[in-house]
Amino acid sequence: MSFAIDTQSPFLLYSRQTKGIFIKPEPDGGAGADGDGSAAPGGAGVRKGLTDMEIITSVKGFKDILPQETGKWQYVEEMARKIFTDFGFREIRIPILEKTELFKRGIGEATDIVEKEMYTFLDRGGEYLTLRPEATASVIRAYLEHSIYAADPVVRLFTIGPMFRRERPQKGRYRQFHQINAELLGLDDPRIDAEIILMLIHFLKSVGLADLRLEINSLGCRQCRPAFKESLIGLLQGKEDGLCGDCQRRLTTNPIRVFDCKMEQCGRIIAQAPRLLDFICSTCRDHFERVKGSLNAFELSFEVNTRMVRGLDYYTKTAFEVTTEFLGAQNAIAGGGRYDRLVKDLGGPDIAGVGFAIGFERLISILPAKNEEFLVTPQLFIAALGSQAQKTAFVLGNRLRMMGVRTEMDYTGKSLKGQMKRADRLKSRYTLILGDRELAEKRAELRDMEKGTQETLSLNTLKEAIIKTLRER
Ligand code: HAM
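Note that the coordinates shown come from a computational prediction; the quantities given were computed from them, not determined experimentally.

S.K.: Summarise the overall build of the chain; cite the residues concerned and give the values.
M.R.: Within the chain, the regular secondary structure consists of 16 helices and 21 strands. A total of 473 residues make up the chain; the buried ones form 31% of that total. If you take every contact in the chain between residues at least 6 apart in sequence, the share linking residues at least 24 apart comes to 65%.

Take a look at the structure:
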């Protein structure tokens, strides 16, 4: 297999010489990959089309959401909009591109996301821009930029959309994925932490998820964390040789991030690490106890996971994750926590915040409902035969659509049998049969595709009769 690379092109063009077959990308790290697991452009491989022209496939880790899947997505979005609105949240829509500085300052320079996973590029104007890896920093940026806090610092905002992280793709982990985000600003009351967790669990259960596991922890604040950091460094120093390269580096840049490491060798050492919870100050402890009290008041079961530190630097006090055993290795369906310093760190006033994000793809993958349950099928198919009937059908069909009837018809001059077959394939509820003879006799036949029955309708009152039949069903 050979590659011809057009280095003159503004986009590198890779053309593979193999004909007529689907070429799978090389396994991660193999020949043809760029060394860090990504294959040549066209991440799903390069495919020959029906002509000699290659089909351009999607980028590795970027997924299409196909029409048969979007019904489920819309259902989940509608439920989120309804439930979040009931809890006082309003939608905010933010850009997917931000200045790189926002995430460096917001998420933390020495996090995996900022160090390794961001899609960052130098814009033609000479500015570094980044496809957002998460939404919290952007929501705060908008909250500050538009002085939303000036009218009332207490604001509940939600946003739904794509995020971008250049992680190694696998089941449940993509490079473009979607999140449903909720952020509550302006209140540092521990009841609010519990309230937002309640909303999250209520939403996940409402869309049909069961067997959810809620884990919580307290990450302390800037007053109590230095003592923990010192103790952690004390444990890790002298054990550097047993740590992976990343953790050796983290030891000097951001020791707490060793808890994010998935390497077995580091896991063995980290297992002996002190618990952050043993170092938190009385204010943080009291906050944590009151969060737990409120969760109990809501009868929400939870576990305290003292090892959970989350992968973003902005958290203070409460952190939480919702996991499910149905997801395999990537088992976190949602995560969040309190971030009482973030607004200030991004240049704003001293305003507390708490929020979470749900992984949309992960939620969809374990939703018990089937795609077919959300399939939207035509209510009416107009099978027209003969030139005059086709003209009438064209106008009638579009009028019915404007009256709210999901209508399909034939534009290719198929035989009646062919049109009926198509109506069947589309799962149309009714078919209106209209031939030139019926037209001359000012009538049409309405066929109930489920029952197999047929009735004659007068052309003069056709639209009204169709709408009445659909309503009565
Ligand atoms: P996060 O834990 O990085 O938190 O992401 C939240 C959720 O997004 C994860 O639990 C997971 O379901 C999903 N997710 C993350 N990365 C991927 C991926 N590569 N592919 C598929 N799904 C993924 C945040 O992003 C914080 N901003 C949450 C937050 C909001 N904290 C406070 N407010």
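S.K.: Report on the sheet that holds strand β18 (residues 407-409), specifying residues and quantitative values.
M.R.: Taken in spatial order, the 5 strands of this open sheet run β18-β17-β19-β20-β21, and their pairing is mixed. Of all strands in the sheet, those with a lone pairing partner are β18 and β21 (454-458), marking the two edges. Averaged over all pairs of adjacent strands, the angle between strand axes in this sheet comes to 25 degrees, irrespective of strand direction. Sheet analysis places strand β17 (residues 380-385) next to β18, joined by 3 bridges and oriented parallel. Within β18, the residue paired with leucine 380 across the bridge is threonine 407.

S.K.: Lay out the sheet that holds strand β10 (residues 155-164) in plain terms, naming residues and giving numbers.
M.R.: Across a sheet, paired strands are connected by hydrogen bonds in the backbone, their directions being either parallel or antiparallel. Read across the sheet, 8 strands follow the order β6-β10-β11-β16-β15-β14-β12-β13 without closing on themselves; strand pairing throughout is mixed. Taken across any chain shown, the strands that pair with only one partner, and hence form the sheet edges, are β6 (90-91) and β13 (303-304). Pairing geometry for β10 and strand β11 (residues 176-185), over 10 bridges, is antiparallel. Residue arginine 156 lies in a different strand from β11, and its bridge partner there is leucine 184.

S.K.: How would you summarise the site of the ligand if you had to cite specific residues and measurements?
M.R.: Not every one of the 25 residues close to the ligand is listed here, only the nearest: Glu134, Phe177, Gly335, Gly355 and Gly359. The set of elements that each furnish at least two residues to the shell around the ligand consists of β11, β15 (332-338), β16 (353-359) and α12 (360-366). The leading source of residues in the shell around the ligand is β15, at 6 residues. Across the shell around the ligand, the residue classes break down as 9 nonpolar, 9 polar and 7 charged.

S.K.: With reference to specific residues and values, describe the nonpolar core.
M.R.: Residues Ala182, Ile196, Leu200 and Ile358 are the most contacted members of the largest nonpolar core, which totals 73 residues. With 9 residues, the top contributor of residues to this core is helix α6 (residues 190-206). Excluding residues within four positions of it along the chain, leucine 200 makes contact with Val322, Ala334 and Phe356. Among the nonpolar cores identified, the runner-up in size contains 19 residues, and Leu385, Ala393, Leu396 and Met409 belong to it.

S.K.: Explain the environment of phenylalanine 374 to me, and be specific about the residues and the numbers.
M.R.: Relative to the helices and strands, phenylalanine 374 resides in the loop between α12 and β17. Residues within four places of phenylalanine 374 in sequence aside, it is in contact with Gly71, Lys72 and Tyr75.

S.K.: How would you summarise the packing of helix α1 (residues 67-86) against α6 if you had to cite specific residues and measurements?
M.R.: Where α1 meets α6, the axes come as close as 10 Å, and the angle between the chain directions of the two elements is 145 degrees. When the axes of α1 and α6 are compared, the crossing they make is right-handed. Side by side, α1 and α6 meet where Met79, Ala80, Ile83 and Phe84 of the first sit next to Met199, His202, Phe203 and Ser206 of the second. Here the contact of α1 with α6 is built from residues that sort into 6 nonpolar, 2 polar and no charged.

S.K.: Describe the packing of helix α2 (residues 100-107) against helix α4 (residues 136-145), with residues and values.
M.R.: When two helices pack together, you describe them by how their axes are tilted relative to each other and by the distance separating the axes. Look at α2 against α4: their axes get within 9 Å of each other, and the N-to-C directions meet at 110 degrees. Looking at the two axes, α2 sits roughly perpendicular to α4. Contacts between α2 and α4 pair Leu102, Phe103, Gly106 and Ile107 from the former with Ala137, Ile140 and Arg141 from the latter. Partitioned by chemical class, the residues of the contact of α2 with α4 number 5 nonpolar, 1 polar and 1 charged.

S.K.: Please provide a residue-by-residue account of unusual backbone geometry, values included.
M.R.: Phi at lysine 317 takes a positive value of approximately 55 degrees, unusual for a residue other than glycine. In this structure, lysine 317 sits in the loop between β13 and β14 (318-323). Positive phi, normally seen in glycine, also occurs at lysine 427, with a value near 60 degrees. If you trace the backbone, lysine 427 turns up in the loop between α14 (416-425) and β19 (430-435).

S.K.: Give a detailed account of the environment of isoleucine 433, specifying residues and quantitative values.
M.R.: Among the structural elements, isoleucine 433 can be located in strand β19. Residue isoleucine 433 is classed as buried on the basis of its C-beta count, with 20 C-beta atoms lying within 10 Å. Between the alpha carbons of isoleucine 433 and arginine 447 there is a distance of 7.5 Å; along the sequence they are 14 residues apart. Leave out the neighbours within four places in its chain, and isoleucine 433 touches Ala383, Ala444, Glu445 and Arg447.

S.K.: Give me the environment of threonine 407: which residues, what numbers.
M.R.: Residue position: threonine 407 is located in strand β18. Once you skip the residues sitting within four places of it in the chain, threonine 407 turns out to touch Pro378, Leu380, Ile382, Gly397, Leu400 and Arg401.

S.K.: Which residues make up the confidence of the model for the chain, and what are the values?
M.R.: On average, residues of the chain carry a pLDDT of 89, and 90% of them reach 70 or more. This model gives residues 1-42 a pLDDT under 50, and the stretch forms 47 contacts once residues within four places in sequence are excluded.

S.K.: I'd like a description of the pairing of β21, backed by residues and values.
M.R.: Across the 5 residues that make up β21, only a small minority, 0, are buried. One ladder, built from 5 bridges, connects strand β20 (residues 443-448) with β21; its direction is antiparallel. When the sheet's bridge partners are listed, glutamate 445 is paired in β21 with threonine 456. Between β20 and β21, which pair antiparallel one after the other, the connecting turn spans 5 residues, and glycine 452 there sits at a positive phi close to 80 degrees.

S.K.: Report on helix α13 (residues 387-402), specifying residues and quantitative values.
M.R.: The end-to-end C-alpha separation of α13 is 23 Å, in line with the 22 Å expected for 16 residues at 1.5 Å each. When α13 is considered as a whole, its buried residues turn out to be Ala389, Thr392, Ala393, Leu396, Gly397 and Leu400. The arc that holds every buried residue of α13, seen down its axis, measures 135 degrees, which confines them to one face. Opposite the buried face of α13, by more than 90 degrees, sit the exposed residues Ser387, Lys391, Val395, Asn398 and Met402. Buried residues along α13 sit in contact with β17, β18, β19, α15 (436-440) and α16 (462-472). Positive backbone phi, approximately 95 degrees, marks glycine 404, located one or two places after α13.

Basis of the calculations
Residues numbered from 1 in each chain as written. Predicted model: local features only at pLDDT ≥ 70, side-chain atom pairs only at ≥ 80, totals over all residues. Helix = DSSP H or I, 4+ residues; strand = E, 2+ residues; numbered from the N terminus. Buried ≥ 20, exposed ≤ 12 C-beta atoms within 10 Å, placed from the backbone. Contact = placed C-beta atoms within 7 Å. Pairing = 2+ DSSP bridges. Axes fitted to C-alpha atoms, helices over the stretch in contact; angles between N-to-C directions. Near = placed C-beta within 6 Å. Nonpolar A, V, L, I, M, F, W, Y, C, P; charged D, E, K, R; others polar. Core = buried A, V, L, I, M, F, W, Y, C linked by C-beta atoms within 7 Å. Left-handed = near helix turned anticlockwise from the far one by under 90°. Parallel < 35°, antiparallel > 145°, perpendicular 65-115°, else oblique. pLDDT = per-residue confidence, 0-100. Expected span 1.5 Å × (residues − 1). Arc of directions from axis to C-beta.

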